[in-house]
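Notes for the structure review
For reference, the chains in residue letters:
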Amino acid sequence: MAAKLKSTDIVIVGLGWTGGILAKELAETGLSIVVLERGGPRDTNPDFMYPTVHDELRYAQRHELMQNVSRETLTFRNNASETALPMRQLGSFLPGEGVGGAGVHWNGVPWRWLPWDHEPLTQTLARYGPGVIPPDMQMLDWGVSYDELEPYYDKFEYLCGVSGKAGNLRGQKIDGGNVFEGPRQRDYPNPPMLQTHAGALFEKAAKSLGYHPFPGPSANTSQPYVNPDGVAFGACHYCGYCERFGCEVNAKASAHFTVIPLAARKSNVEMRTNARVMKVNLDAAKTRAESVTYIDAAGREFEQPAGLVVLCAYALGNVHLMLLSGIGKPYDPTTGAGVVGRNYAYQIGSGAIVFFDEKTWINSFMGAGALAVNIDDFNTGSFDHVKEGFIGGGGISTSSSGGRPIGFRPVPPGTPAWGTEWKRAVVRHYNHTLAIGNQGSVMAYRQNYLDLDPTYRDRYGRSLLRMTFDFHANEQKQANFLADICVRIGQAMGAERVVRSGPPQHYSIVPYQSTHNTGGAAMGTDPRTSALNRYCQTWDVSNVFVTGACAFPQNAGKAPTGPVGALAYWTADAIKRYLNNPGSLVPT
Amino acid sequence: MADDEGMRRRDVLKGLGVTGAVAGIVATTVPPEVQEAEAQAAAPHAHAVSRDGQSADGFRFFTPQEAAIVVALVDTLIPKDDVGPGGVEVGVPIFIDRELAGAYGRGARMYLDGPFGQGTPQQGYQLPLPPADLYRIGIADLNAWCVETRGGKTFDELSPADRTTALKAIEAGQAEFAQVPARNFFSVLLQNTMEGYFADPMYGGNRNSAVWKMIGFPGAIGMYREVIEKYRNKRYDVEPKSIQDLS
Ligand SMILES: Cc1cc2nc3c(=O)[nH]c(=O)nc-3n(C[C@H](O)[C@H](O)[C@H](O)COP(=O)(O)OP(=O)(O)OC[C@H]3O[C@@H](n4cnc5c(N)ncnc54)[C@H](O)[C@@H]3O)c2cc1C
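Note that this is a predicted model, so its numbers are computed, not measured.

In terms of regular secondary structure, chain A is built from 12 helices and 22 strands. Judged by the C-alpha coordinates and their principal axes, chain A covers about 70 × 55 × 50 Å. Every one of the 588 residues in chain A was classed for burial, and the buried ones make up 65%. If you take every contact in chain A between residues at least 6 apart in sequence, the share linking residues at least 24 apart comes to 75%. Summed over its atoms, the accessible surface of chain A is roughly 19000 Å², and 51% of this surface lies on carbon and sulfur atoms. Chain A carries 53 positive and 52 negative side-chain charges, and their two centres are separated by 2 Å.

This is how it looks when you write it as structure tokens:
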């Protein structure tokens, strides 16, 4: 049986981006904090050193830094008429495991979502009325606006040393930045990164079509940087081993060398690694969390009592723990009742592959995870998407994140997958090809949700999380529309051949798409449709707060970690208020 | 354990259609060098696995018979030609062997609990087999299928042209294997072959970074801050470096 430990004021579950930020912020209260991380300790030195970290097989293919699904995984099906089966190996997304979480091996693209993304329902109703929203679409506002989050976005950007160019300074539009972004109080802390030939081609082509290209925000620092906490960053080498790798020069912002060591230094904070939380234990009325149960590396079970629990176990892990613990009512798609697991969403991809002549050198191996040129002309809030027949949109970009050859060796369609003809095509195109991608938004639907699997269990005997998800017609239309734009940009580059890649017919768990899982514990203003209030506090159990992209009621045409970071700071402020006056921050 | 292993070997050998005499050799412990020599002797059409006189290059996972098949498979997937090095010549069979002998082969990062259902393509790999078992059974299946459909010959006994035809049929889903789905086996084989061809040489393939050189990939270097703008739209022609070159 579980050994009962000495009570602590606050328990934080998970030590990635959000757990790190919460630990650092809450440490300032002087209260006792225990942080539990299921994976091992990791640091830049010795874990991400040059040259050993430049190993595509080990990190990009064998996923050394990521969740080991032999211990815990999830099951998946496209719709409720199928039997969900386990994700037996990582594919579509790559959750992190170990100190720093997925922030260790992310690309480092720290977007601010557009104002529209925070209140799509209000904006859609105001502009078009209720008739345009498809019947199964469960669109929700966040309950917190872009303007309210702006100071927190700013804080996260300065924490990360983001390189970029502002496009909207306090309402003034700035050419060369993203003119579609919401107003920001000040520019990014660092200038944009250096540009590649791919980026230059994209910028020129997009401009020639009347679009508004801009260098993407990048948490790969363009120059040495010291953040407001006094943490020093190196300058990015453009090594091309970034996405799925740790960074050897601390140029890619990550919690493991910023907020986490700052929190760990405090005497009131204790961090335990190889401590896997099984569940949160509630009182009999299910309105108060009393403790968490976790298992250490040797398999011993411990009960850690706490006054407050903050779930920071990634979007999917948080929802799983809520379901296992009975925090909030599970969502039932047949009745529409319940909130935990509701509004799970993802993103949809499409784009174009652009093949050039042999005199055009792309050198795609030189790059950085977040090095890209983008347009937001067709992103969610930027244009009249309803006129095009759908709700949503996407960010279009050409990214130079590193052309490592196991994963990147484009050949034109019709080329065999092996043999001499294949090899000839690889040699011909490897250095003369680029991709233009659409990162498309995905709205929430009645049929897409998370719950507990009735059959499969993890190594610890717990029911696996079950994902039921597919793409809907609205998203297919959007991704097709954006693929056409990508093709148009490719053609304007003066390429030899542009190949359109449309969206997939069905969502598949197999090929990597993105680690941008959202929803399942949506925040909002109505406890009947959201699991969390606008402060990311659970409606039903007031001493449990939940961070991460599970709080997003639908997905956007932008990666999640900017708003995840902003929301973590927002939640930390709310928790400080809660600690002074415990109870629900939004009385019902 | 040892008995299980013996059982498995025998099953595989049955599948291979080899004689008792050969099976007798396999059942005893064969030093790696001998195994490799066997493998090459059994693969008359394959390019020799370069040995550099190092016994470390012997096969650890594959039996000599299996190794001969894998050498023939890799040689068909990535032949030596006027474009660049062949998969066998740069060590891809050794790469696959090492992977299967280690954590990857055991499925150390796979969820392998039942029950097992077939599922849809979107649900991904659903066999109860880690890669090492998939190869062991898949190779036996391949040989049995070849023997049955290609005039009594195992895969390595086919001419290069016939091997290509056989793999195309498997790739197109026209082959019915006795135990594992043929396309499952083929797609894992193709993936591992590509991994070995393009991975860092320390894993046994891409010897001397020859494949990186062929495509113009600088390998593990990754120091481009000073050159990324200078070489915009220009060829960046450097000798590729592996992790060991830089260590
Ligand atoms: C390859 C890759 C590239 C990415 N690129 C980008 C990008 O460019 N831009 C962007 O916005 N986002 C990107 N992301 C996503 C980004 O990494 C995540 O949004 C971010 O890390 C989420 O922060 P988090 O704190 O919610 O989760 P994480 O940072 O993953 O941290 C969660 C932590 O909780 C731990 N944990 C989980 N369950 C338990 C448990 N039961 N008990 C104890 N500990 C537990 C995990 O081990 C992990 O350490 C990328 C992700 C990947 C994998």
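The next point concerns helix H7 (residues 131–149) of chain B. For H7 of chain B, with 19 residues, the first-to-last C-alpha span of 26 Å sits near the 27 Å given by 1.5 Å per residue. Looking one or two residues beyond H7 of chain B, the residue adopting positive phi is glycine 151 of chain B, at roughly 65°.

Here the structure, examined in full by the defined rule, presents 0 disulfides over all chains. Residue cysteine 236 of chain A stays outside any disulfide, its sulfur separated by 6.5 Å from that of cysteine 242 of chain A, the closest cysteine.

In the UniProt entry, the feature "domain: Glucose-methanol-choline oxidoreductase N-terminal" (unreviewed entry) is given for residues 233–344 of chain A. For the annotated span residues 233–344 of chain A, helix accounts for 16% and strand for 27% of the residues, and the straight-line distance between the end C-alpha atoms is 35 Å.

For the rest of this paragraph, the subject is the packing of H7 of chain B against helix H9 (residues 182–198) of chain B. Residues and elements named next belong to chain B. Relative to each other, H7 and H9 sit at 120°, their axes nearing to 10 Å. By the criterion of interaxial angle, the relationship of H7 to H9 is oblique. Every pair of crossing elements has a handedness; the one defined by H7 and H9 is left-handed. In this structure, H7 contributes Leu134, Tyr135, Gly138 and Ile139 to the contact, and H9 contributes Asn184, Phe185, Val188, Leu189 and Asn192. Of the residues that constitute the contact of H7 with H9, the class distribution is 6 nonpolar, 3 polar and no charged.

This paragraph deals with helix H6 (residues 146–160) of chain A. Residue and element names in this part refer to chain A. Taking 1.5 Å of rise per residue, 15 residues should cover 21 Å, and H6 covers 19 Å from first to last C-alpha, within 8% of that figure. Along H6, the helix axis deviates most sharply at tyrosine 152, where the bend reaches about 30°. A large share of H6 lies buried, amounting to 11 of its 15 residues. Listing the buried residues of H6 in full gives Tyr146, Leu149, Glu150, Tyr152, Tyr153, Asp154, Phe156, Glu157, Tyr158, Leu159 and Cys160.

It is worth spelling out the domain arrangement of chain B at this point. All names here are of chain B. Under the domain assignment, chain B is made up of domain 1 (2–215) and domain 2 (217–247). Listed by partner, the interface residues are 7 residues for domain 1 and 10 residues for domain 2. Note on domain 1 versus domain 2: buried area summed over both sides is about 660 Å², and carbon and sulfur give 66% of it. Interface area lost by domain 1 to domain 2 is led by Met202, Trp212 and Lys213, which between them contribute 64%. Across the salt bridge formed by glutamate 239 and lysine 213, the nearest N and O atoms sit 2.8 Å from each other. Here domain 1 is connected to domain 2 by 3 residue pairs in polar contact (both at pLDDT 80 or more). Per-class residue counts for the side of domain 1 that touches domain 2 are 4 nonpolar, 1 polar and 2 charged.

Rules and cut-offs
- Residues numbered from 1 in each chain as written.
- Chains lettered and ligands numbered in written order.
- Predicted model: local features only at pLDDT ≥ 70, side-chain atom pairs only at ≥ 80, totals over all residues.
- Heavy atoms only, no water.
- Helix = DSSP H or I, 4+ residues; strand = E, 2+ residues; numbered from the N terminus.
- Buried < 20%, exposed > 50% of the residue type's maximum accessible area, 1.4 Å probe, protein only.
- Contact = heavy atoms within 4.5 Å.
- Areas by Shrake-Rupley, 256 points an atom, 1.4 Å probe, with all protein chains shown as cover.
- Lys, Arg positive; Asp, Glu negative; His and termini not counted.
- Charge placed at Lys NZ, Arg CZ, Asp CG, Glu CD.
- Expected span 1.5 Å × (residues − 1).
- Disulfide = S-S within 2.5 Å.
- UniProt positions renumbered as here; feature names shortened; annotations may be inferred.
- Axes fitted to C-alpha atoms, helices over the stretch in contact; angles between N-to-C directions.
- Parallel < 35°, antiparallel > 145°, perpendicular 65-115°, else oblique.
- Left-handed = near helix turned anticlockwise from the far one by under 90°.
- Nonpolar A, V, L, I, M, F, W, Y, C, P; charged D, E, K, R; others polar.
- Bend = angle between axes of the 7 residues up to and from the residue.
- Domains from an automatic or database assignment.
- Buried area = accessible area lost by both parts, 1.4 Å probe.
- Salt bridge = Lys/Arg side-chain N within 4 Å of Asp/Glu carboxyl O.
- Polar contact = N/O pair within 3.5 Å; in protein donor to acceptor, adjacent residues only side chain to side chain.

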